[in-house]
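# Notes for the structure review
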Amino acid sequence: MTYRIEGRTGTWEIVVGLEVHAQVISQAKLFSGASATYGGAPNTHVSFIDAGFPGMLPVVNRECVAQAVRTGLGLAAHINVVSRFDRKNYFYADLPQGYQISQFEHPIVGSGVIEIELADGATREIGITRLHLEQDAGKSMHDQDPTRSFIDLNRSGVALMEIVSEPDIRSPEEAGAYVRKLRQILRYLGTCDGNMEEGSMRADVNVSVRQAGEAFRTRCEIKNVNSIRYVMQAIEAEAQRQVEVWESGGTVDQETRLFDPGRGETRSLRSKEDAHDYRYFPDPDLLPLVLDEGWVAGLKASLPELPDAKRARLEADYGVTRYESGVLTAEQAIADFYETVARGLDTRLATNWVLGDFFAALNRTGRSIEDSPVSAASLRALLGLITDSTINGKIAKDVFEEMVDTGDEPMAIVERRGLKQVTDTGAIDAAIARVLADNADKVAEYKSGKDKLFGFFVGQTMKAMAGKGNPALVNEALKKQLAD
Amino acid sequence: MSLDTATVRRIARLARIGIEENETEGLARELNGIFGWIEQLDEVDVSGVAPMIGTGLATPRMREDVVTDGDRRDDVLSNAPDRVDAFFTVPKVVE
């Protein structure tokens, strides 16, 4: 669906590109041996390198490089076997070196692509311009003291991947879908946990507007947006603002802005005097990064199955719909759970159970797939009991609820509560005979043409059998007795 | 290349080096002297030669992904001019 802003002077479209900063999953920092773990007491995950002490030399962490390469491969991107670290110079209190070590001219990963899917099922390809490695900065706290800001350098020097998209995005929805898809790929790859609340993934959003057929107009960059919803809201608000500026005869200045979710608006962030004069130059402390082709090939060979491929495979192997495959592959853990349940079973039954009762139970208990109250093996066992006619589908729902509550295995519950399905036709016939005898008036109505009463007899028979009758056998026997 | 006093002020500001107005002219002269000296390199024709960042003989040493440092808060804070508990502090910066 095309996103347009109707202005006073015409119709506007939006042009958006995203720079996503993704914190690399690693033990140690990009250039030092200090811990890269989130949290920790203030200033304890800090080495002299991260604190910018004079004379300290950075040494690159091999795993951080590997993570960047894996991510590049996961984005179907070109891997640059020669890349380089540069210094990006700026002055800020949480940047003790006075520069960030980044990659400017020669990033480790070149152009790639992400396919996004929109709510109406349409897909679009969004180009990736590049991915580069860089250091994170420390954290400033402004609310601890009336006149001072407090600085914690635990995050200083943690490895980030900056993933830059082409200006291919044309609506807030596409931007949301892009970030979601990127996060999904990063999580599958295990290269970033994608946790936006903890700041391990954040986006800089470049927005401009233009009228049909025009070249790009000036863009503004909205810094550090930390949720997908805010990315979408920020784009809407900023595009609206720019349209108003242009239509009232003004010009949009290229500048950095901040999104204020409370007010739903963006505002100018940095004084123009200091705007982007980073004076990049190659970091003389670091040699160019040269990757061994064989090493890259090894990383490629060890990549996990990625969302698009997994989705296609689930559709082919398990006959799930396009929508279902999307839900089942949203997280790798869900897909793993599903396959453990469904492999070799009636896949339709398995799909319905996982997407229905099982997801409902997760929602109700507020648990995630990782600490699910029912294991995949247990759910599989339950479905096995349905398939081999030990219990019927209705009883299975009761058993499942008890599994959620107690964590017990399905067979144990079935045996404890005596829930095995009755397939003994003699017992079924006897139950039916009693029901028909007790409801002679209804039998007469049925026989005079009130077919709908069949369901009533099924219900009464099942009730008489405490829900344990085999539904097919009950139906069959009922038809026979009512026909007599 | 010739540096004017406005550029000197700008460089000083970017580097957060405080200079007095009456110093700018002298600094511009000194820096221009240095530039003039470096610009002798322009006499060498390097067209078509890629910038050299290393000798190409050495490949960078990489570290393994193991925590070998940190947990030295007091050392890290030892030069902090205005430490409060576990933190560095700076004059309030809010944007």
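Heads up: these notes are all about the structure in this document. Note that the structure is a prediction, hence the values are computed from the model and not measured.

All names here are of chain A. Tallying each qualifying case throughout the model produces 47 salt bridges over all chains. The partner of aspartate 260 in a salt bridge is arginine 263, and the shortest N-O contact between them spans 3.6 Å. Where salt bridges share partners, they join Glu305, Lys310, Arg313, Asp317, Glu339 and Arg343 into one cluster.

Let us look at the interface of chain B and chain A. Opposite the 39 residues of chain B that make contact, chain A presents 47 residues. Of the roughly 4,200 Å² buried where chain B meets chain A, counting both sides, 59% is carbon and sulfur surface. Salt-bridge contacts for arginine 148 of chain A lead to aspartate 82 of chain B; the nearest nitrogen and oxygen are separated by 2.9 Å. Summed over the shared surface of chain B and chain A, the result is 18 residue pairs in polar contact (both at pLDDT 80 or more). For the side of chain B that touches chain A, the element with the most residues is strand E2 (residues 88-91) of chain B, which contributes four residues. Among the residues making up the side of chain B that touches chain A, the classes are represented as 17 nonpolar, seven polar and 15 charged.

Residue and element names in this part refer to chain A. Ordered in space as E6-E5-E16, the three strands form an open sheet in which the pairing is antiparallel. What marks the edges here is a single partner per strand, and that holds for strand E6 (99-102) and strand E16 (281-282). Relative to E16, strand E5 (residues 86-89) is paired through two bridges, and the arrangement is antiparallel. Opposite aspartate 86, over in E16, you have proline 282 as the bridge partner.

This part is about empty space enclosed by the protein. All names here are of chain A. Under the counting rule described, the total for this entry stands at one cavity of 30 Å³ or more. Taken as a whole, the largest cavity holds about 70 Å³ of empty space. The wall of the largest cavity is formed by Ile49, Asp50, Leu95, Pro96, Gln97, Tyr99, Gln100, Gln135, Asp136, Ser156 and Gly157. Among the residues forming the lining of the largest cavity, the class breakdown is four nonpolar, five polar and two charged.

Turning next to the packing of aromatic side chains. Residues and elements named next belong to chain A. Taken as a whole and assessed by the stated rule, the structure comprises 14 aromatic pairs over all chains. Relative to tyrosine 280, the ring of phenylalanine 104 has its centre 3.7 Å away and its plane inclined at 5 degrees; by these criteria the two rings are stacked. Residue phenylalanine 104 is located in the loop between E6 and strand E7 (112-117), and its partner tyrosine 280 is located in the loop between strand E15 (265-268) and E16; the two are separated by 176 residues in the primary sequence. The class of tyrosine 280 is partly exposed, set by a relative accessible area of 28%.

Residues and elements named next belong to chain A. Taken residue by residue, helix H11 (residues 410-417) has Pro410, Ile413 and Val414 as its buried positions. Taken end-on, H11 shows its buried residues confined to a sector of 100 degrees, consistent with a single buried face. Close packing links the buried residues of H11 with helix H9 (376-387) and helix H10 (393-406).

Thresholds applied
Residues numbered from 1 in each chain as written. Chains lettered and ligands numbered in written order. Predicted model: local features only at pLDDT ≥ 70, side-chain atom pairs only at ≥ 80, totals over all residues. Heavy atoms only, no water. Salt bridge = Lys/Arg side-chain N within 4 Å of Asp/Glu carboxyl O. Contact = heavy atoms within 4.5 Å. Buried area = accessible area lost by both parts, 1.4 Å probe. Polar contact = N/O pair within 3.5 Å; in protein donor to acceptor, adjacent residues only side chain to side chain. Helix = DSSP H or I, 4+ residues; strand = E, 2+ residues; numbered from the N terminus. Nonpolar A, V, L, I, M, F, W, Y, C, P; charged D, E, K, R; others polar. Pairing = 2+ DSSP bridges. 1 Å grid on protein atoms, 1.4 Å probe; cavity = no way out; pocket = protein on both sides within 12 Å on 5 of 7 lines; lining within 4 Å. Points joined across faces, edges and corners; volume = space filled by probe spheres on them. Phe/Tyr/Trp six-rings, centres within 6.5 Å; stacked < 30°, edge-to-face > 60°. Buried < 20%, exposed > 50% of the residue type's maximum accessible area, 1.4 Å probe, protein only. Arc of directions from axis to C-beta.

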